[in-house]
Amino acid sequence: MAGNENKAASDLSFNEAPTVIEEDFEVAEDVAANESTLPADMPLTRSDTDIKNILIQVKDHKPALQTSSVPILAASGLCKSFGGLRAVDDAKLEVAQGSITGLIGPNGAGKTTFFNLLSNFIQSDRGRVIFDGEPIQHLQPHQIAQMGMVRTFQVARVLSRLSVMENMILGAQKQTGENFWNVWLQPKQVILEEKQQRERAIAILESVGLAHMAGAYAGALSGGQRKLLEMARALMTDPKLILLDEPAAGVNPTLINQICDRIVTWNREGMTFLIIEHNMDVIMSLCDRVWVLAEGRNLADGTPAEIQKNTQVLEAYLG
Amino acid sequence: MVGYLVFLAISTGIAALFSLGLNLQWGYTGLINFGHVAFMTVGAYTTVLLALKGVPLIIAVPLGAGLAALLGLLIGLSTLRLREDYLAIVTIGVSEVIRLIVLNEEWLTRGTFGVQGFPLPLATWSPNLLMRLMMIALLTLIAGLTFWRMWQWFSKQLQQGKREGGFPVGSLILGIASSLLGLAVYVAGVMALYDYTYKAGLMVLLLLVLTVIFWQMERLARSPWGRVLKAIREDEEVAKALGKNVFWYKLQSLMLGGAIAGIAGSFYAWQQTSVYPDDFIPLTTFEAWTIVVLGGAGNNVGTVLGAIIFWAYNTVTRFVLPALLPFDDARLGAFRVMVIGLLLMVLMVARPQGILGKKEELTLGR
Ligand SMILES: Nc1ncnc2c1ncn2[C@@H]1O[C@H](COP(=O)(O)OP(=O)(O)O)[C@@H](O)[C@H]1O
Ligand SMILES: [Mg+2]
């Protein structure tokens, strides 16, 4: 991997065209599944300008964040070892209410593991996670989701043999008909809710441009469309915070554009995001605040501009 | 002939009921249950032993189903938190343990001597002409519903065939064959009901229970509850990430499927009018697996059709093979199992999604 250094360096400089990064084998797989047949090193110029234009506009219109408010998510002292490997080592992170917060770091820095610890898909060895004012590290993953923190996966996971619509409605919370007895006891209510959720789902699907696929099997979607469906499905849960694990990885430029556009719109409507991403343009222009992880530890945090100037961060990417 | 067709209808009904329980667990939820017969054992023995103690059947059967569900709860609590292959190992172990308990706890189950002479439903009943005609009407209704459902399926196949520019010959043959068989069973059923016998009454009762349970399973499968099960089958991490209590839903599926198998056990005991530990060997579980895989997992219609095909195959080979092959009974039995295994392999190669499974689903990436 001789080209790795150059690649990483170019990611940090805002003005150079980024490349599609082959992050690890999982992502490589996703690229293969994707409709994009662009060579990996082809500059994505057109989409870059598009994204920047959208994002610059958005930044200008965005109301100033109340930085004084209590963060919606605060994790501190998180540790996780896999055998001898300390994947996450005493790391902390805060997400302000209403923000788009970025989490970056070189490959294997422990970002995905960090997500798994936040959502308790993996039990942490040590540390505290406070979400919406309550400690959550003792809760089951589904309880955390019910509280309003929903996560997506690095390699988009859809329910293949269910329709896109069914994938969406599954996301809805507190459904009467998901209780066994209510199927018989409250059939009218169940039907009514189904109808309402269907309408909600169609509206969200339309906003991500997947409405025409509503009846298709989710397994028939392309890699990029799966990422969109996963985001849309997360939104169906009516969450307070959405964790996105590399929403733009292995996605073609047009769709990256669309994904960013969605994130920005939803954020403007009040949704808070925590995003792991490798596409630096996306991170630097979307995020209000960026946290950098390297070898499982906090390396830096600050505004995108501060992070870009941080020599430590640059070194970590080159090292 | 009439007697045999009624026997065939009851056997098919029991197999269908039993397999519907497995289809809920495996076809809809993705739980690998290799010990399904355990639920049937519990249901059968509970029903007959309680009935012998004078408990009315209307109470004994639900209690049997309840105990089977409780067994499902215990199995689930002890294994569902582990990796999924553990469930397969534990269930097959549990089913053997249950059989060995039944074999050895003679004070309770009379061991190898089996239990006979227990009360049977509708056995001492001698209905008058009006009652018999009403039962015939009920049978006609059930038969009508079945044919209607089959016709729906067939016309869908026909449309799809048209779209793909071919004629669904296989579906046609299958449709005609099972229609003829169904017609024969229906006529035999009417005749048997007219000269009322215990087995005829049992058949109507079973078909009634099967229809109701089938209908409710279809309803559940289409409900939000069923959607969560299917989501768990597809990818339980996603279900968790969307706030579903995966463990609890798996438990429910295991318990409900177990209860249905328990009811199938009651009917099995009533059909045999005796129960022995040897009736509940693991082979019974794998017959249900054959039926579910044959029809197409996650498809209740397919499961019922699978049961019909399985028993039609059983019957045909029982009467036709002895005329063709110079084998003794034991070898013929083994040969028939071999052939069905072979047929299953051919099916898996030619149509891995099962007879009623959807072909499109095979081409989907994960
Ligand atoms: N389940 C696991 N078992 C063992 N090692 C793991 C596991 N998950 C991640 N790791 C290791 O932990 C490190 C961090 O991985 P990850 O969190 O996926 O990094 P990132 O998402 O930042 O690229 C890597 O070295 C990876 O190999
Ligand atoms: Mg990762």
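It should be emphasised that the depicted structure is a prediction, and the values quoted were computed from it without experimental measurement.

For the rest of this paragraph, the subject is helix α8 (residues 187–207) of chain A. Three or four residues apart is the spacing at which side chains of an α-helix point the same way, because the helix has 3.6 residues per turn. Over its 21 residues, α8 of chain A runs 30 Å from end to end, which matches the ideal 30 Å to within 8%, given 1.5 Å per residue. When α8 of chain A is considered as a whole, its buried residues turn out to be V190, E193, E194, Q197, A201, I204 and L205 of chain A. Projected down its long axis, α8 of chain A shows its buried positions confined to an angular sector of 110°, all on one face. Opposite the buried face of α8 of chain A, at more than 90 degrees from it, the exposed residues are K188, I191, K195 and E206 of chain A. Looking at the packing, one finds that the buried side of α8 of chain A touches α6 (164–170), α7 (182–185), α9 (223–236) and α10 (253–268) of chain A together with α9 (224–234) of chain B.

With that settled, consider the packing of aromatic side chains. All chains considered together, the criterion is met by 13 aromatic pairs over all chains. Centroid distance F121 of chain A to F153 of chain A: 5.9 Å. Interplanar angle 85°. Geometry classified as edge-to-face. Taken together, the residues span a long stretch of sequence, with F121 of chain A in the loop between α4 (111–118) and β4 (126–131) and F153 of chain A in the loop between β6 (149–151) and α6 at a distance of 32 residues. F153 of chain A gets classed as buried once you look at its relative accessible area, which sits at 8%. Measuring from ring centre to ring centre gives 5.2 Å for F34 of chain B and W289 of chain B, while their planes differ by 65°; the resulting arrangement is edge-to-face. One end of the pair, F34 of chain B, is in the loop between α1 (2–28) and α2 (36–52); the other, W289 of chain B, is in helix α12 (residues 282–295), with 255 residues separating them in the sequence. For F34 of chain B, a relative accessible area of 27% translates into the label partly exposed.

As a further point, take the environment of L220 of chain B. Looking at the secondary structure, you find L220 of chain B in helix α8 (residues 198–222). C-alpha of L220 of chain B to C-alpha of L24 of chain B: the two residues are 196 residues apart in sequence and 9.7 Å apart in space. Apart from the residues lying within four places of it in its own chain, the contact partners of L220 of chain B are F180, V183 and W184 of chain A together with W225, G226 and L256 of chain B.

Calculation notes
- What you see as residue numbers is a count from 1 along each chain, following the sequence as written.
- As a convention, the first chain written is A and the first ligand written is 1, with the rest following in written order.
- Given that the model is predicted, a residue must reach a pLDDT of at least 70 before its local features are reported, and side-chain atom pairs must reach 80 or more before they are shown or counted; all residues, however, enter totals for whole chains, interfaces and linings.
- Remark: hydrogens and water are excluded; side-chain values derive from all non-hydrogen atoms of the structure.
- Secondary structure counts use DSSP, requiring at least four H or I residues in a row for a helix and at least two E residues in a row for a strand, with both numbered from the N terminus.
- What a helix should span is 1.5 Å times the count of its residues minus one.
- Only protein chains enter the accessibility calculation, which uses a 1.4 Å probe. A residue is then buried if its area is under 20% of the maximum for its type, exposed if over 50%, and partly exposed in between.
- Within this analysis, the arc is defined by the directions that extend from the helix axis to the C-beta atoms.
- Contacts: residue pairs with any heavy atoms within 4.5 Å of one another.
- Side-chain rings of Phe, Tyr and Trp (the six-membered ring for Trp) are treated as a pair once their centres are within 6.5 Å; stacked means planes under 30 degrees apart, edge-to-face means over 60, and tilted covers the remaining angles.

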